[in-house]
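Each chain, written out:
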Amino acid sequence: MEFAAKITGTGSAFPERRMTNDDIARELTKFGLETNDQWIRERTGIVERRISNVENEAELNSSLGAQAAQRALEMAGKTPEDIDQIIYATCSPDTALPSTACWLQQKIGARRAWGMDINAVCSGFVFGVVTAEQFIRSGYSKTVLVVGAEVLSHFINWQDRTVCILFGDGAGAAVVEKAPARLSRRILSSYLSCDGTLSKLLYVPAGGSAMEVTPDVYAQNLHKFRMNGRELFKVAVRTLTECALRTLEQARVPAVKLDWFVPHQANLRIIEAVANRVGISMEQVIINLDRYGNTSAATIPTALDEAIRDGRIQEGQTVLTDAFGAGLTAGAMVFRW
Ligand code: UT7
């Protein structure tokens with residue numbers, strides 16, 4: 001291959017409203033259901049999450065994505081007109097059509113770019129960066145904007161206590177650029193996978209063409225997340241570990257040589273189990289789920305952005321990202337920042 005791809009800028013954005021575990025506990029009592037801050041912290045590591053007000057144009061998925069994109073472009077020293085291609089990873093688009101990439105393009109004024117959405121749910125950002133890398137390595141694109149953004153609160157059944165405690169809204173972005181093939185600062189390896197036989201572990205039955213949202217369907221909350229949390233937990237630990245080990249091996253980076261691990265932020269216990277199996281110390285793990293919960297495609301780019309901006313991730317360091325999500329999709333990537 002003649003070219004490689006490197007990440008040159010990151011950005012993130014969150015809605016203003018904070019919802020604490022106590023706020024959720026209060027909401028649930030209205031339906032005669034119980035939870036509490038201690039249970040949620042101990043079982044998930046989550047303390048609070050952000051919730052979008054979609055009546056506020058500034059907190060739509062594409063608007064949060066646009067803010068994150070502008071910050072990423074600024075860090076990369078690029079303007080919106082430098083972007084050739086937009087890849088928008090989301091499972092909670094502004095509209096069924098057009099794509100959220102098109103809404104974002106208009107908002108940031110990326111006039112030269114073409115764009116598309118991809119839906120790999122929580123693995124979306126990793127899928128997006130690996131897709132960007134392929135377009136760059138083939139010579140088709142030079143500068144790609146990858147966004148991972150979600151307004152998942154819209155798809156939550158607030159009477160399902162195993163689901164509503166987990167998720168939050170937010171957006172992260174990265175600028176991925178063409179680099180010489182042997183540049184040290186580049187994406188070193190990646191591995192993507194899907195297992196469609198596990199689709200029903202986490203899915204939204206209605207709202208697509210398979211099932212219209214009729215009043216009856218609406219009353220049964222079939223347009224909201226359905227999740228088998230316990231089973232997903234086990235599959236997540238196994239799959240994340242496998243993806244991490246494969247990707248590290250492919251990059252010829254032993255776990256002890258890794259500087260940082262940026263995993264998908266679904267549950268702190270999942271992250272600890274995977275870090276332990278892969279041989280990574282928890283001091284090297286970037287965590288933001290305590291403050292934002294599981295923001296699906298946004299977890300990895302927002303955690304990455306925070307650690308780059310606060311100086312934990314330094315130039316020349318090697319980073320592993322690792323995600324799993326509904327599908328069941330999974331993907332990992334090793335890169336040098
Ligand atoms: O991006 C992918 C997104 N999804 C995930 O990653 C989900 C992965 N799974 C998980 O994170 C965990 O399975 C949960 C946090 C969802 C649940 O934790 P758990 O330790 O697996 O709990 P459990 O489902 O085994 O339930 C244990 C008990 C049950 O009560 P009984 O049957 O033992 O009496 C639940 O009814 O905890 C109860 N429970 C709760 N209690 C208080 C379930 N949710 C709650 C709650 N508050 N919110």
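Residues numbered from 1 in each chain as written. Predicted model: local features only at pLDDT ≥ 70, side-chain atom pairs only at ≥ 80, totals over all residues. Heavy atoms only, no water.

Participant: Explanation requested: the overall build of the protein in the structure shown.
Facilitator: Looking only at helices and strands, the protein has 10 helices and 13 strands in total. Against the compact-globule benchmark of 20 Å for 337 residues, the protein has a radius of gyration of 19 Å, which places it among compact chains. Taking the principal axes of the C-alpha coordinates as reference, the protein spans close to 60 × 45 × 35 Å. Considering the protein as a whole, with its 337 residues, one finds that 55% of them fall into the buried category. Within the protein, residue pairs in contact and separated by at least 24 positions form 77% of the contacts whose partners lie at least 6 positions apart. A total of about 14,700 Å² of accessible surface is found on the protein, and carbon and sulfur atoms cover 48% of it. (Helix = DSSP H or I, 4+ residues; strand = E, 2+ residues; numbered from the N terminus. Rg over C-alpha atoms; globule rule 2.2 N^0.38 Å. Buried < 20%, exposed > 50% of the residue type's maximum accessible area, 1.4 Å probe, protein only. Contact = heavy atoms within 4.5 Å. Areas by Shrake-Rupley, 256 points an atom, 1.4 Å probe, with all protein chains shown as cover.)

Participant: Would you explain unusual backbone geometry in this entry?
Facilitator: The phi torsion of most residues other than glycine is negative, and most of the peptide bonds are trans. Here the bond from leucine 97 into proline 98 is cis, since omega is 0°, no more than 30 degrees from zero. Its location among the elements puts proline 98 in the loop between β4 (85-89) and α4 (100-108). For the peptide bond that leads from glycine 327 to leucine 328, omega is 0°, which places it in the cis range. If you trace the backbone, leucine 328 turns up in the loop between β12 (318-325) and β13 (329-336). At valine 121, a position not held by glycine, the phi torsion is positive, near 50°. Among the structural elements, valine 121 can be located in the loop between β5 (114-118) and α5 (124-137). A relative accessible area of 14% places valine 121 in the buried class.

Participant: Teacher, can you tell me more about the pairing of strand β1 (residues 3-13) here?
Facilitator: For a regular strand, side-chain orientation follows a simple rule: the groups alternate between the two sheet faces. With 10 of 11 residues buried, β1 is to be regarded as a mostly interior element. Sheet topology places β1 next to strand β7 (residues 170-180); 10 bridges connect them, and they run antiparallel. From the neighbouring strand, phenylalanine 3 faces β7, where its bridge partner is proline 180. (Pairing = 2+ DSSP bridges.)

Participant: Help me understand the site of the ligand in this model?
Facilitator: Neighbouring the ligand are 22 residues, the closest being Thr35, Arg43, Gly229, Arg230 and Asn267. Contacts to the ligand include asparagine 267, whose side-chain N or O atom sits 2.8 Å from an oxygen atom. A distance of 2.9 Å is found between an oxygen atom of the ligand and a side-chain nitrogen or oxygen belonging to asparagine 294. Relative to its unbound accessible area of 950 Å², the ligand is 76% covered by the protein chains. (Near = heavy atom within 4 Å. Polar contact = N/O pair within 3.5 Å; in protein donor to acceptor, adjacent residues only side chain to side chain.)

Participant: Which parts of the structure should I look at to understand helix α3 (residues 61-76)?
Facilitator: Within an α-helix, residues lying three or four positions from one another point in the same direction, as the helix has 3.6 residues per turn. Between its first and last C-alpha atoms α3 spans 22 Å; for 16 residues at 1.5 Å apiece the expected length is 22 Å, and the two agree. Taken residue by residue, α3 has Asn61, Ser62, Ser63, Leu64, Gly65, Ala66, Ala68, Ala69, Ala72, Leu73 and Ala76 as its buried positions. Of the surrounding elements, those touching the buried residues of α3 are β1, β4, α4, β6 (143-150), β7 and α10 (299-309). (Expected span 1.5 Å × (residues − 1).)

Participant: Please clarify how the side chain of asparagine 21 should be interpreted in this entry.
Facilitator: By secondary structure assignment, the location of asparagine 21 is in helix α1 (residues 21-29). Overall, the relative accessible area of 0% leaves asparagine 21 in the buried class. Setting aside chain neighbours within four positions, we find asparagine 21 in contact with Asp37, Ile40, Arg41, Ile46, Val47, Glu48 and Arg49.

Participant: Could you clarify how one ought to interpret the domain arrangement of the protein in this entry?
Facilitator: Here the protein is partitioned into domain 1 (3-180) and domain 2 (187-336). Averaged C-alpha coordinates put domain 1 and domain 2 at centres separated by 14 Å. Contact residues are listed per partner, giving 50 residues for domain 1 and 43 residues for domain 2. Between domain 1 and domain 2 the total buried area reaches about 3,800 Å² when both faces are included, carbon and sulfur atoms providing 66% of it. (Domains from an automatic or database assignment. Buried area = accessible area lost by both parts, 1.4 Å probe.)

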